[in-house]
Amino acid sequence: MTGIMRPQLQPPLTPFADPLPLPRRILAGQGGGELTVRIRAAAHRFHRDLPESRVWAYEGLVPGPTVEAERGQPVRVCWRNEIDQPYPVVVTLAPAETDGDGVPVQCLPGLSGGTPDPDAAALTGYTVVHLHGAVTAAPSDGWTENIFAPGQHAVSDYPMDQRAALLWYHDHVMGVTRLTVYAGLAGLWIIRDQRERELGLPEGPPFEVPLLVQDRNFGQAAGGRLTGELVHKTDPGTMEAFAPFNVVNGKVWPVHDVQPATYRLRVLNGSNARTFRLVLLRDGRPELDRITQIGTDSGLLPAPVAVPAGGLVLAPAERADLLADFSDLEPGGQLTLANTAGAPFDGHPVPATGAAEAADPGQLLPYPDVMRFRAVAGHPARRPRPGRLATDITAPTQADLSGAVRRAVALAEQELDGRPNMVTIRELAVAADGDPQAPVITVVGQHGQTLARLRTAAVPFEDAATFFPVLGRWEVWQLINLTGDTHPIHIHLEPFHVLARRPITVTVPGNGIGDRDTTATVRLARDPGDELDHVIDANERGLKDTVRVNPHEIVELAIRFQAYSGRYMYHCHILEHEDRDMMRPIVIMPAQLMPFMS
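Residues numbered from 1 in each chain as written. Predicted model: local features only at pLDDT ≥ 70, side-chain atom pairs only at ≥ 80, totals over all residues. Heavy atoms only, no water.

(A) How the structure looks around the overall build of the protein. In terms of helices and strands, the protein carries five helices and 38 strands. Here the C-alpha radius of gyration of the protein, 23 Å, is about what a compact globule of 598 residues would show, namely 25 Å. On the protein, roughly 22700 Å² of surface is accessible, and the fraction owed to carbon and sulfur atoms is 49%. Side chains of the protein give 53 positive and 70 negative charges; the mean places of these two sets differ by 4 Å. (Helix = DSSP H or I, 4+ residues; strand = E, 2+ residues; numbered from the N terminus. Rg over C-alpha atoms; globule rule 2.2 N^0.38 Å. Areas by Shrake-Rupley, 256 points an atom, 1.4 Å probe, with all protein chains shown as cover. Lys, Arg positive; Asp, Glu negative; His and termini not counted. Charge placed at Lys NZ, Arg CZ, Asp CG, Glu CD.)

Laid out in structure tokens, this is it:
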């Protein structure tokens, strides 16, 4: 969707009226590593001027409690499903993309002429919990079909034998993850270790601040008043829900008082589909030099890095560990965190200098503001920026990868008549030379030579597994984006290294994306209309568990499954895509069992 209109819509809620809530903390060690977390129906107020919203939430809280665990000290969680009320969100498909004034309906509250989805209303609260980023045995990973009903429980064992990092836990039920997470089922999880403590980083309140960033929409009464009822709305042209109101730790556009000190901001994009490009503004001007990034999805980077010049990009499920310097602020000084990323996100660059004027309903970005920091009096406490951070990240060498298994995956979107498009992960295999007419993806080099012919080996989640990584062996995956949108791809169990981003030109003939077959030409050359740099950002040089794959791009990554065998998943973390079958299983096996696999 291109920009339809530039004028800002008048926000129906007062920005920066609510203080930023800090999630309740659970220190796992105080309970001997044994926790019980109840999954409940509850009420939550997203803004002071809104009525309470019905939600499903961990311990009845939005977000759920932040669990803090120590590296090497296992945690066992009994997840108790106590949901006793119907699904709390109205799910609707609006009949048109825009209203009578040409404003995209996803920028507006209410149903926009849509009718409530009776199937969503009939959901009774089956759940399954995935601790995203956890290195854990398969029975505790939250397999999407291992659901448990209200009145039942599941026990998960989390070894915590991994690097200190910000993880998060969320619902992962097959086909409805977009709905259950939107209803409130998400919370943060922090692993601590001695290395971080040696660096003297802020730990706990007040100088360590977790920020779970999401977007939400609400119902609207006949007179225009917002009802507080959560609304998940899509439209005929956009299958994802891009809600207009940015929410941080469960509050719309909150404000947080900060002392003149260095703060550690632990940021997670927990949205269904919205990517954020975060820019810190003072009097409308960017002040990104206040922020240093020290960690990413799977913990500390090797060294601190500046955030990208255009702002900090976080797709759904990506995390950032930041040091923010507020030490020079006088009482009353204000800094606003704004988002410049349009939706659906395609990587299109926007200069940070334009952040104050980023509002664009045509890009489904009616209200760029995310939150505000407000300076209060205090003793200046600026911390020196650490020089060296992680000492335990070793990227694979060329020798390590010389014998690695190579896998190729296509990200594809199939246009369907009268129904939302189907987005899929398509696992590829080398096509036989003797079958030149078979539908294939042909990879062509810069000089026109054919480098590979790849046939589709598996498409829907229910297809038989084709990826069987061997425990302890390096693999190189190529993620080939055939679509026009950016997809954040998450691999369960182990983090990975991003090796390369390669520009490509994609040609797909009519009906080239079929139910099971894929026909396309992928040229290893920049598309003439491509504006992206296709470089690995400095903040992607650490260990990742979710990677953005932009249009006109192949992302290459190296991964080695070392800890556990069993059945896991990988998928797009745009939840509407995941639920429309952009997810596939992987089965990790020890080498000695492979001769017995048929």
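The rest of the description comes next.
(B) Highlighting the environment of Arg567. Examined against the element boundaries, Arg567 turns out to sit in strand β37 (residues 566-572). Take Arg567: its relative accessible area is 42%, and that puts it in the partly exposed class. Separated by 52 residues in the primary sequence, Arg567 and Asp515 place their C-alpha atoms 25 Å from one another. Here Arg567 is in contact with Ala138, Trp143, Ala465, Pro585, Ile586 and Val587, once residues within four sequence places are set aside. (Buried < 20%, exposed > 50% of the residue type's maximum accessible area, 1.4 Å probe, protein only. Contact = heavy atoms within 4.5 Å.)

(C) Main features of the confidence of the model for the protein. Here the protein averages 95 in pLDDT, while 98% of its residues score no lower than 70. For the stretch residues 1-5, pLDDT sits under 50, and the model shows 21 contacts to residues farther than four places along the chain or on other chains. (pLDDT = per-residue confidence, 0-100.)

(D) Main features of the pattern of salt bridges. Considering all chains together, one arrives at 36 salt bridges under this definition. Glu287 is the salt-bridge partner of Arg290, the closest N and O atoms lying 2.5 Å from each other. No difference in accessibility class separates Arg290 from Glu287, as the two residues are buried. Between Glu556 and Arg502 there is a salt bridge, with the nearest N and O atoms lying 3.5 Å from each other. With Glu556 in strand β36 (residues 553-560) and Arg502 in strand β32 (residues 496-503), this residue pair connects regions lying 54 residues apart in the sequence. In this structure Glu556 comes out as buried when scored by relative accessible area, which is 10%. (Salt bridge = Lys/Arg side-chain N within 4 Å of Asp/Glu carboxyl O.)

(E) How the structure looks around the sheet that holds strand β3 (residues 53-58). An order of β3-β2-β5-β8 is seen for the four strands of this open sheet, with the pairing classed as mixed. With one partner strand each, in any of the chains shown, β3 and β8 (153-158) form the two edges of the open sheet. Ignoring which end each strand starts from, the neighbouring axes of this sheet average 20 degrees apart. Two strands pair when backbone bridges link them, and strand β2 (residues 34-44) and β3 are joined in this way by six bridges, in the antiparallel orientation. Paired with Ile39 across the bridge in β3 is Tyr58. (Pairing = 2+ DSSP bridges. Axes fitted to C-alpha atoms, helices over the stretch in contact; angles between N-to-C directions.)

(F) Quick look at the sheet that holds strand β6 (residues 90-93). Overall, mixed pairing links the three strands, which are arranged β6-β13-β12 in an open sheet. Each end of this open sheet is capped by a strand with a single partner; those strands are β6 and β12 (218-220). Within this sheet the neighbouring strands show an average axis-to-axis angle of 55 degrees, counted without direction.

(G) Just the side chain of Glu553, in detail. For Glu553, the position within the fold is in strand β36. For Glu553, a relative accessible area of 0% puts it in the buried group. Polar side-chain contacts of Glu553 include one of 2.8 Å to the backbone nitrogen of Asn550. Each residue touching Glu553, except ones within four places of it in the same chain, is listed here: Leu479, Ile480, Asn481, Arg501, Arg502, Ile504, His534 and Arg548. (Polar contact = N/O pair within 3.5 Å; in protein donor to acceptor, adjacent residues only side chain to side chain.)

(H) The environment of Gly448, seen in detail. Locating Gly448 in the fold gives a position in the loop between β28 (441-444) and β29 (450-458). Here Gly448 falls in the partly exposed class, since its relative accessible area comes to 47%. Put simply, Gly448 and Lys544 are 96 residues apart on the chain and 34 Å apart in space, counted from C-alpha to C-alpha.

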